[in-house]
Amino acid sequence: MKNITWITILTGSIPEAFFIFLIGLTLIGYRVSLKKLILISFIEGIFVYILFNYIKVPFGIHSISTFLFLVIITNLLIKVNIKNSFIAIVIGWMASFLTQYINLIFIYLLGMTYDDLMKNEALRMIAFYPSIISLGIIALIIYKKNIVIYNACISSNNEKISKNSNFVVKISFLLIFIVLILFNIYLYIFRNESWNLEKRFTVFIIVFSIIALSLMIIISLKLFEKNIKKEYEDILLEKNLEDMKRNIKVLRKQRHDYLRHIQIVSSLLHTNNYDEAKNYINDLAEHINSEGISVETGNTFLNAVISLKQEQAIHRKIKFYINIKIKIKGFKIPNFELCNILSNIIDNAFDALDEVRKDKKYVELCICGDDLFYIFKIRNNGNKIEDTQKIFDEGFSTKQGINRGYGLYIVKQILDKYKSSIFVESSESITEFTIVIPKY
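Calculation rules
- Residues numbered from 1 in each chain as written.
- Predicted model: local features only at pLDDT ≥ 70, side-chain atom pairs only at ≥ 80, totals over all residues.
- Heavy atoms only, no water.
- Axes fitted to C-alpha atoms, helices over the stretch in contact; angles between N-to-C directions.
- Helix = DSSP H or I, 4+ residues; strand = E, 2+ residues; numbered from the N terminus.
- Parallel < 35°, antiparallel > 145°, perpendicular 65-115°, else oblique.
- Left-handed = near helix turned anticlockwise from the far one by under 90°.
- Contact = heavy atoms within 4.5 Å.
- Phe/Tyr/Trp six-rings, centres within 6.5 Å; stacked < 30°, edge-to-face > 60°.
- Buried < 20%, exposed > 50% of the residue type's maximum accessible area, 1.4 Å probe, protein only.
- pLDDT = per-residue confidence, 0-100.
- Salt bridge = Lys/Arg side-chain N within 4 Å of Asp/Glu carboxyl O.

**A word on the packing of helix α11 (residues 300-315) against helix α12 (residues 335-354)**
1) Next: Where α11 meets α12, the axes come as close as 9 Å, and the angle between the chain directions of the two elements is 20°. Of the possible angle classes, the one that applies to α11 and α12 is roughly parallel. The handedness of the crossing between α11 and α12 comes out as right-handed. Contacts from F301, L302, V305, I306, K309, Q312 and A313 in α11 reach N335, L338, C339, L342, S343, I346, D347 and F350 in α12.

**A look at the packing of aromatic side chains**
1) Next: Inspection of every chain in the model, using the stated rule, returns eight aromatic pairs.
2) Next: Their ring planes at 15° and their centres at 4.2 Å tell us that W6 and Y49 sit as a pair that is stacked. Placement of the pair is W6 in helix α1 (residues 6-27) and Y49 in helix α2 (residues 34-55), with a sequence separation of 43 residues.
3) Next: The class of W6 is partly exposed, set by a relative accessible area of 39%.

**Quick notes on the confidence of the model for the protein**
1) Next: Per-residue pLDDT for the protein has a mean of 76; in total, 66% of the residues score no lower than 70.
2) Next: Counted against residues more than four places away or in other chains, residues 154-163, with its pLDDT under 50, gives 19 contacts.

**Quick word on the environment of L415**
1) Next: Mapped onto the elements of the fold, L415 is located in helix α13 (residues 407-417).
2) Next: In this structure the C-alpha to C-alpha distance between L415 and I341, which are 74 residues apart in sequence, comes to 8.4 Å.
3) Next: For L415, the residues in contact, after removing those within four places along its chain, are I333, I341, S420, S421, I422, I435 and I437.

**A short note on the pattern of salt bridges**
1) Next: With the rule as written, the count across this model stands at seven salt bridges.
2) Next: Here R316 and D354 are joined by a salt bridge, their closest N and O atoms 2.3 Å apart. Of this pair, R316 sits in the loop between α11 and β1 (319-324) while D354 sits in helix α12, and the two are 38 residues apart along the sequence.
3) Next: Its relative accessible area of 25% is what places R316 among the partly exposed residues.
4) Next: For D416, the salt bridge goes to K412, with nearest N and O atoms at 3.0 Å. With D416 and K412 both in helix α13 and four residues apart, this pair spans about one turn of that helix.
5) Next: According to the relative accessible area criterion, D416 is partly exposed, its value standing at 36%.
6) Next: Overall, K412 belongs to the partly exposed group, its relative accessible area being 26%.
7) Next: Among the charged side chains, a network of salt bridges with common partners joins R316, D351 and D354.

Dropping the structure here:
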């Protein structure tokens, strides 16, 4: 085969590498700057140019070398660990390879042969454009829709979920093996010049293999997705159990305090000190009213969550201000998930204040809205969040410990499911989360 020119690199290799990166990384949950992807695609193009024109490796070795190079630069330049880099490039490579079967139909319609393509660069470019265009369309859809089949942004501390990423790596190795088989068949068809019976049978094998491969991928990913969802449910359940334990502690403390007050009042009444008992009850009622206010959001479940958070705030020595400007009437989000969202955000605010030394710590909850949306604002005067883009990533946490970094991630997943949004703004003195939920 003749040397590859820069025209082929610029119009073929670089766009293909860009789409491989975009598809693979997006499908495993990474949102990488398009400028950075363009840069590393150019680096890949330079590598391919040197490989073909100076090192002169055979075509099959060229493919393996290019694949490994893509994995390495993904790891080094995008800072994706080597395992996830491998998975991303396998997925992108698979998409690229499968679209190249479109070229077979196009090549035979034009009446070209394998030798024609290898000798004529212009024909080669024309013949391979259908697959590049198809790959670009697929990449655009995946990127715009933010389609994720396996979220690889997982905390390394979570051993259970880490094991499942090993499962994906094994599937990736299996797919590479199948790709190599199909690639040999692909080259075999290229080198035959007539549509004889053997070639037709080979084409049938290719079509059957592609269908079987697609089914394997779909079944594997569905099984994996089901397993991951089960793990997220377990994490969510653990989180809810932690909340329940904290709430139970608060209720036990309340019960202990109320029993003590009842015993004091009973003792005063038993000794006929009626005026003292009356004054004690009045003082107690005034104290309770000063520390907590009656909550009425229009939603019984939200009332319960906010009331419990009031109690937690008292025991954590945090002022909890509540401003309800609109009553909740009907919700597209189920009550248990709505309570989980609000509980997670308020707990996150409480935790943020545990890390600071201030005399006046406060969390403010405001519930407002308009004709179309309910708006929840949760504000605290804790430390500034340095990277507000990453706090909703799975496994990301500023706190130490196992199974950290799932609260805000789960909140984001729930809100995305119901076409709702969450935003965060953070300064040196104030951090505010805003949740916007459509009414209809």
